[in-house]
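Listed here are the chains, written in short residue letters.
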Amino acid sequence: MEGPEGERLCGKCRVVCGLHSYNLRDVFTWHLLKTIVMGQVLSLLICGTAVSCQYLANAGVETPMLQSFLNYVLLLLVYTTMLCTRKGDSNILHILRTKWWKYLVMGVADVEANYAVVKAYQFTTLTSIQLLDCFVIPVLMVLSWFFLKTRYRLVHLVAVLVCLLGVGAMVGADVLAGRDQGSTSDVVLGDGLVLLSAVLYAVSNMCQEHTVKNLSRVEFLGMMGLFGTLVSGVQLAVLETRAVAAIQWDFHISMLFAVYVVCMYALYSFMPVVVKMTSATAVNLSLLTADLFSLFSGIFLFRYTFSTLYIISFVVITLGFVMFNAVPTYSALPESSSSEGDPAEAAAEGTAETSSEYLLSADRDPGRTEALTAVAAL
């Protein structure tokens, strides 16, 4: 963990809150800056998948399950293989004997969440999807409250509302620009699929947070690769056999598939690191900017109409994300870690400061304790 002197960004500005005063430098730290930057890297990776999907759709290729299957296979080859080489409780055989059904549920939730949101585009509009997809955040907060015992403060709820206002500005810009794309053949069914996808994403993300904070990142990704490959493989054989056979493979199509799979693999590999640093809820807030990055790319690649509301939306969402992460959440349950023997995860843990560690570090600095007490009162 970095020392207090090394992680302070601001000067000696102080803000008075009631009877307490605290340094802004105790809130706006290097840890917060790293969290913001890493969250936006995740958004850029999602933007890469969105752009490649748009090009594939323009080329007449609509095989979302095939694309997901290739990503899970890559996770299987890398992380599941790593689990096979481990010994003891971290070995894949021991994990399957004791927890196979838990990871099966997680794999099904992740695969079906991806499929449901893509399928929704056939029945409802882009605007509805952008709005209803945000439902994952309140669902995830409720699940985290009950199952992970995460406790939120008023400032976190306000931060979520600020981020959702930013999404509203983005959707408003889409409507004004005439980008209300999608079918309206069965809006109720489409909206229902989006809501189902949001719930499934929330379940998957909650399981991810629990696994990476209490077990290990490699175990999560290895089991996701194994069960994701099995579930998506079966669904691919049932639903997309004809669509895959109809693909006219050439260098252009192959490169688009490669870009999509690489971006998805990087997203799945990198996201647990950010979740361990913050929380699944915070990561989903940062991912709200992914649509904005896709829109900015579309301005240059697909000649979308630019709107000042896009910039306003980005600023508002970023502000809400900063608010959410400036004040740490805490868990009513102690966290354990079983990443021993994994040098890569040990190095990540050295730079990943959890919320509980952030609060405990204040106990060693009286001035910092007073500052965080004032912030927590928010």
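Reading the values: rules and limits
- Residues numbered from 1 in each chain as written.
- Predicted model: local features only at pLDDT ≥ 70, side-chain atom pairs only at ≥ 80, totals over all residues.
- Heavy atoms only, no water.
- Helix = DSSP H or I, 4+ residues; strand = E, 2+ residues; numbered from the N terminus.
- Buried < 20%, exposed > 50% of the residue type's maximum accessible area, 1.4 Å probe, protein only.
- Contact = heavy atoms within 4.5 Å.
- Areas by Shrake-Rupley, 256 points an atom, 1.4 Å probe, with all protein chains shown as cover.
- Core = buried A, V, L, I, M, F, W, Y, C linked by side-chain atoms within 4.5 Å.
- Expected span 1.5 Å × (residues − 1).
- Patch = residues over 30% accessible without salt bridge, like charges linked within 9 Å, V, L, I, M, F, W, Y side chains within 5 Å.
- Salt bridge = Lys/Arg side-chain N within 4 Å of Asp/Glu carboxyl O.
- Axes fitted to C-alpha atoms, helices over the stretch in contact; angles between N-to-C directions.
- Parallel < 35°, antiparallel > 145°, perpendicular 65-115°, else oblique.
- Left-handed = near helix turned anticlockwise from the far one by under 90°.
- Nonpolar A, V, L, I, M, F, W, Y, C, P; charged D, E, K, R; others polar.
- Phe/Tyr/Trp six-rings, centres within 6.5 Å; stacked < 30°, edge-to-face > 60°.
- Lys NZ or Arg CZ within 6 Å of the ring centre and 35° of its normal.
- pLDDT = per-residue confidence, 0-100.

**A short note on the overall build of the protein chain**
So, step 1. On a plain count of helices and strands, the protein chain comes out with 16 helices and four strands.
So, step 2. With 378 residues in all, the protein chain has 51% of them scored as buried.
So, step 3. In the protein chain, once contacts between residues fewer than 6 apart in sequence are set aside, the share between residues at least 24 apart is 84%.
So, step 4. Accessible area for the protein chain stands at about 17,300 Å²; split by element, carbon and sulfur atoms hold 69% of it.

**A few points about the nonpolar core**
So, step 1. Grouped together as the largest cluster of nonpolar side chains are 91 residues, with contacts concentrated most on Leu75, Met223, Leu285 and Leu288.
So, step 2. Counting residues per element, this core draws most heavily on helix H10 (residues 251-277), which supplies 14 residues.
So, step 3. Aside from chain neighbours lying at most four places away, what touches Met223 is Leu83, Ile92, Ile95, Leu96, Tyr103 and Gly228.

**Section: helix H2 (residues 64-85)**
So, step 1. Along its 22 residues, H2 runs 32 Å from first to last C-alpha, staying within 8% of the 32 Å computed at 1.5 Å per residue.
So, step 2. What H2 keeps buried is the set Met65, Leu66, Gln67, Ser68, Asn71, Tyr72, Leu75, Tyr79, Thr80 and Leu83.
So, step 3. Those residues of H2 that are buried are in contact with helix H1 (30-58), helix H3 (92-120), helix H8 (217-239), helix H9 (241-245) and H10.

**Examining a nonpolar patch on the surface**
So, step 1. On the surface, Trp100, Trp101, Leu104, Val105 and Val108 cluster together into a nonpolar patch covering about 460 Å² of accessible area.
So, step 2. Here Trp101 is to be found in helix H3.
So, step 3. Overall, Trp101 belongs to the partly exposed group, its relative accessible area being 47%.

**Here we look at the packing of H3 against H8**
So, step 1. H8 packs onto H3 with a crossing angle of 55 degrees between their chain directions and a minimal axis gap of 7 Å. One way to sum up the angle between H3 and H8 is to call them oblique. At the point where H3 passes H8, the crossing takes the right-handed sense.
So, step 2. Grouping the amino acids of the contact of H3 with H8 by side-chain chemistry returns 17 nonpolar, four polar and four charged.

**Examining the packing of aromatic side chains**
So, step 1. For the structure on display, the rule yields five aromatic pairs.
So, step 2. The ring centre of Trp145 lies 4.1 Å from the NZ or CZ of Arg151, which sits over that ring.

**Digging into the confidence of the model for the protein chain**
So, step 1. In this model, the protein chain carries an average pLDDT of 78, and 75% of its residues clear a pLDDT of 70 or more.
So, step 2. Residue range residues 1-22 is modelled with pLDDT below 50. Its contacts to residues more than four positions away, or to other chains, number 52 contacts.
So, step 3. With pLDDT under 50 throughout, residues 346-378 is counted as low confidence; its partners more than four residues away or in other chains account for 56 contacts.

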